[in-house]
Amino acid sequence: MRYVSTRGQAPSVGFVDAVLAGLAPDGGLYVPEAWPQFSRAQIAGFAGRPYHEVAAAVIGAFAGDEIAPAVLLEMCEEAYATFNHPAVVPLVQIAPDAFLAELFHGPSLAFKDVAMQILARLYDHVLAAQKRTQTILCATSGDTGGAAVEAFRGRKNVKVVALFPEGRISEVQRRFMTTAADPNVACVAVQGTFDDCQAIVKQAFQDQSLRQAVDLSGVNSINFARIAAQAVYYFTSAVALGAPERTVSFCVPSGNFGDAFAGYVASRMGLPIARIVVATNSNDILAHAFEDGRYARGSVTPTISPAMDIQSASNFERLYFEAVHRDPVETARAFAAFAEVGVIDIPPQAFAAMRALFRGVGIGEDETLRAIVATLNETGELIDPHTAVAVAALRRVGDLEGPVVVLSTAHAAKFPEDVARASGVTPELPRGAANLAALAERFDRLPAEPETIKAYVRAFAEA
Ligand SMILES: *Cc1c(COP(=O)(O)O)cnc(C)c1O
């Protein structure tokens, strides 16, 4: 399986190189040259199988012969054994034909664990084979850092540095990072905003001497292995509800569009999906793209679903590439223009192609809070604000074809204040995470100065 860049100016690469590189050298995103296919019989055969077996089949279809199937199966088994539910991603019914797929039973209680746990094992395996060590640098507005630290802690060939904006993430989110005692993990409270952290990471990646010295790598949501790992629960959820005989719809709380794009991938691989509803908070660039055909950046408004406070959904470039019949010249033109002026007017044919599967819905703060209360009253389930955005979107669109799966992306206890404010009930951390408050924290504080942080990364990587 070869991977091509959406901008067409980089040579094609294999799975391992696509995963280690993240972004393609021409600034595009890697996509497989052709979508692997599952027959109806193969999909039907996923029913009742352990999650890690389906994961190995789906991810294996993208890895081709670059990772031995037995090795991949073992990695998947190990990765999903870290989840504290035997189904890994269980379904919970909330209405006659609506279900939550709970993606938050991993070590950091957020859906990022699903992909990060397997990504960390892939990295360690591939780097060991190449006798290489890498340094992962990530900026986090909350969940990515915790998932990355949980996944990469204790790995032999990778060090991880997580930057977070001091005082701007929840205590639970911070503790998932800072309580890791492993020597390959460093957490830095940056005296600035999330945007400052991201800008510093970007500068670090542009510093060729640092990049080479510490073999810098990123694990953000454009990494294709993350997309492949996220396609898995579309399969397991849909077959549990009767696919491929029945067609299933999904409702997805979206920010960077990685999770929702994974649904597109599952559909292209043969899973019969009727509709994917892309639910955003008031940062609704994606909702507008799918409803009005105009992808236009606004300024970011902080909300109670902070993991979705995004106005430039990186993975949208992959869908655009598909919708313009994989024309890399048009894709490069559109996203260069977007970088400059912040707008893409989606060509009518491409818009129609997107609408064949996707709908967009933007949800405000009040509606989000009301969805938390309504879900609690009607079902007894306490949902987090990200999940609530998707539940509210489902209420707004009404009937969809077949059963609907709402992706539930975080445990309510990660956002205890907002959930309690909405519902009057304070969610409790599950057993296992409950002693988080008692563990010692370990992190450094640094000013939001690129040079200071780059020096810190270098010293940590070389120690
Ligand atoms: C990252 C995240 C999302 C958004 O997922 P994307 O793949 O960026 O669209 C939604 N909810 C939670 C809790 C997240 O951490």
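Conventions used here
Residues numbered from 1 in each chain as written. Predicted model: local features only at pLDDT ≥ 70, side-chain atom pairs only at ≥ 80, totals over all residues. Heavy atoms only, no water. Axes fitted to C-alpha atoms, helices over the stretch in contact; angles between N-to-C directions. Helix = DSSP H or I, 4+ residues; strand = E, 2+ residues; numbered from the N terminus. Parallel < 35°, antiparallel > 145°, perpendicular 65-115°, else oblique. Left-handed = near helix turned anticlockwise from the far one by under 90°. Contact = heavy atoms within 4.5 Å. Nonpolar A, V, L, I, M, F, W, Y, C, P; charged D, E, K, R; others polar. Salt bridge = Lys/Arg side-chain N within 4 Å of Asp/Glu carboxyl O. Buried < 20%, exposed > 50% of the residue type's maximum accessible area, 1.4 Å probe, protein only. Near = heavy atom within 4 Å. Polar contact = N/O pair within 3.5 Å; in protein donor to acceptor, adjacent residues only side chain to side chain. Areas by Shrake-Rupley, 256 points an atom, 1.4 Å probe, with all protein chains shown as cover. Phe/Tyr/Trp six-rings, centres within 6.5 Å; stacked < 30°, edge-to-face > 60°. Lys NZ or Arg CZ within 6 Å of the ring centre and 35° of its normal. Pairing = 2+ DSSP bridges. UniProt positions renumbered as here; feature names shortened; annotations may be inferred. Expected span 1.5 Å × (residues − 1).

> Would you mind going over the packing of helix α16 (residues 365-379) against helix α18 (residues 416-423) in detail, with residue names and values included?
Two elements in contact, α16 and α18, have axes separated by 8 Å at closest approach and are oriented at 70°. When the interaxial angle is binned, α16 and α18 end up roughly perpendicular. With respect to the hand of their crossing, α16 and α18 are arranged in right-handed fashion. Here L369, I372, V373 and L376 of α16 lie close against α18, whose contacting residues are D418, V419, R421, A422 and S423. Residues that form the contact of α16 with α18 fall into these classes: six nonpolar, one polar and two charged.

> I'd love a proper account of the pattern of salt bridges, names of residues and values included.
Applying the stated rule across the entire model yields 23 salt bridges. Between E166 and R445 there is a salt bridge whose closest N-O contact spans 2.5 Å. Residue E166 is located in the loop between β7 (158-165) and α7 (171-178), and its partner R445 is located in strand β16 (residues 444-447); the two are separated by 279 residues in the primary sequence. The partly exposed category is assigned to E166, whose relative accessible area is 27%. In this structure, E322 engages R326 in a salt bridge whose closest nitrogen and oxygen atoms are separated by 2.6 Å. Through salt bridges with shared partners, a single ionic network connects E171, R174, R175 and E441.

> So what's going on with the environment of R153? Which residues, and what values?
For R153, the location among the structural elements is in the loop between α6 (143-152) and β7. It is 17 Å that separates the C-alpha atoms of R153 and L216, two residues lying 63 residues apart in sequence. Residues contacting R153, with those up to four places away along its chain left out, are A148, A180, A181, D182, N184 and V185.

> Run through the site of the ligand, naming residues and quoting values.
Taken together, 15 residues lie near the ligand, and K112, G255, N256, D259 and T409 sit nearest. G255 has a polar backbone atom sitting 2.8 Å from an oxygen atom of the ligand. In this structure, an oxygen atom belonging to the ligand sits 2.8 Å away from a main-chain N or O atom of N256. Surface burial for the ligand is 97%, taken as the share of its 380 Å² of free accessible area covered by protein chains.

> Now, about the packing of aromatic side chains: what can you tell me, with residues and values included?
Geometrically, a pair of aromatic rings is defined through the distance of the ring centres and the angle of the planes. Scanning the model with the defined rule gives 29 aromatic pairs in all. Centre to centre, the rings of W35 and F62 are 6.5 Å apart; their planes meet at 80°, and the pair counts as edge-to-face. With W35 in the loop between β3 (30-32) and α2 (40-44) and F62 in helix α3 (residues 51-63), this pair connects stretches of sequence that are 27 residues apart. The same class applies to W35 and to F62, which are both buried. With 5.4 Å between their ring centres and 90° between their planes, F38 and F46 make a pair best called edge-to-face. With respect to class, F38 is no different from F46; both count as buried. Lying across the ring of F338, R297 places its NZ or CZ 4.6 Å from the centre.

> An account of the sheet that holds strand β8 (residues 185-191) is needed here, citing residue identities and associated values.
Here we have five strands laid out as an open sheet, ordered β9-β6-β7-β8-β16, and parallel in their pairing. Every interior strand has two partners, whereas the edge strands, β9 (216-217) and β16, have only one. Of the pairings in the sheet, the one linking β8 to β16 comprises four bridges and is parallel in character. Residue pairing for β16: Q191 is matched across the bridge by P447. Its contacts with the sheet put α7 on β7 and β8, and the angle it makes with β7 is roughly 155°.

> Account for the UniProt feature "domain: Threonine synthase N-terminal" (unreviewed entry) in the protein, with residues named and values stated.
Mapped onto this numbering, the UniProt entry gives "domain: Threonine synthase N-terminal" (unreviewed entry) at residues 2-80. Along residues 2-80 the backbone is 47% helical and 11% strand, and the end-to-end C-alpha distance reaches 27 Å.

> So, the sheet that holds strand β1 (residues 2-5): which residues are in play, and what are the values?
The sheet built from three strands is open, its strands ordered β2-β1-β3 with antiparallel pairing. At either end of the open sheet lies a strand with only one pairing partner, and these are β2 (13-14) and β3. Where β1 meets β3, three bridges bridge the pair, whose relative direction is antiparallel. Paired with Y3 across the two strands is P32, which belongs to β3.

> Lay out the environment of R174 in plain terms, naming residues and giving numbers.
Here R174 lies in helix α7. Look at R174 and you get partly exposed, because its relative accessible area is 22%. A sequence separation of 76 residues divides R174 from F250, and the C-alpha atoms of the two residues are 31 Å apart. Apart from the residues lying within four places of it in its own chain, the contact partners of R174 are F164, I169 and E441.

> Mind laying out the packing of helix α8 (residues 194-206) against helix α19 (residues 450-462), listing which residues take part and the relevant values?
A packed helix pair is summarised by two numbers, namely the angle formed by the two axes and the spacing between the axes. At a minimum axis distance of 10 Å, the contact between α8 and α19 shows a crossing angle of 60°. Between α8 and α19 lies a crossing of right-handed hand. Between α8, through I200, Q203 and A204, and α19, the contact on the second element is made entirely by P450, I453 and K454. Counted by class, the contact of α8 with α19 contains four nonpolar, one polar and one charged residues.

> How would you explain the UniProt feature "domain: Tryptophan synthase beta chain-like PALP" (unreviewed entry) in the protein if you had to name every residue and give the values?
Look at the UniProt record and you will see "domain: Tryptophan synthase beta chain-like PALP" (unreviewed entry) annotated at residues 102-357. Secondary structure content for residues 102-357 is 48% helix and 17% strand, while the C-alpha to C-alpha distance between its ends is 23 Å.

> Quick one: what's the story with α3, residue by residue and with numbers?
Compared with an ideal rise of 1.5 Å per residue, which puts 13 residues at 18 Å, α3 spans 18 Å between its outermost C-alpha atoms and is within 8% of the ideal. Those residues of α3 not exposed but buried are Y51, H52, V54, A55, A56, V58, I59, F62 and A63. Positive phi appears at G64, one or two residues downstream of α3, with a value of about 60°.

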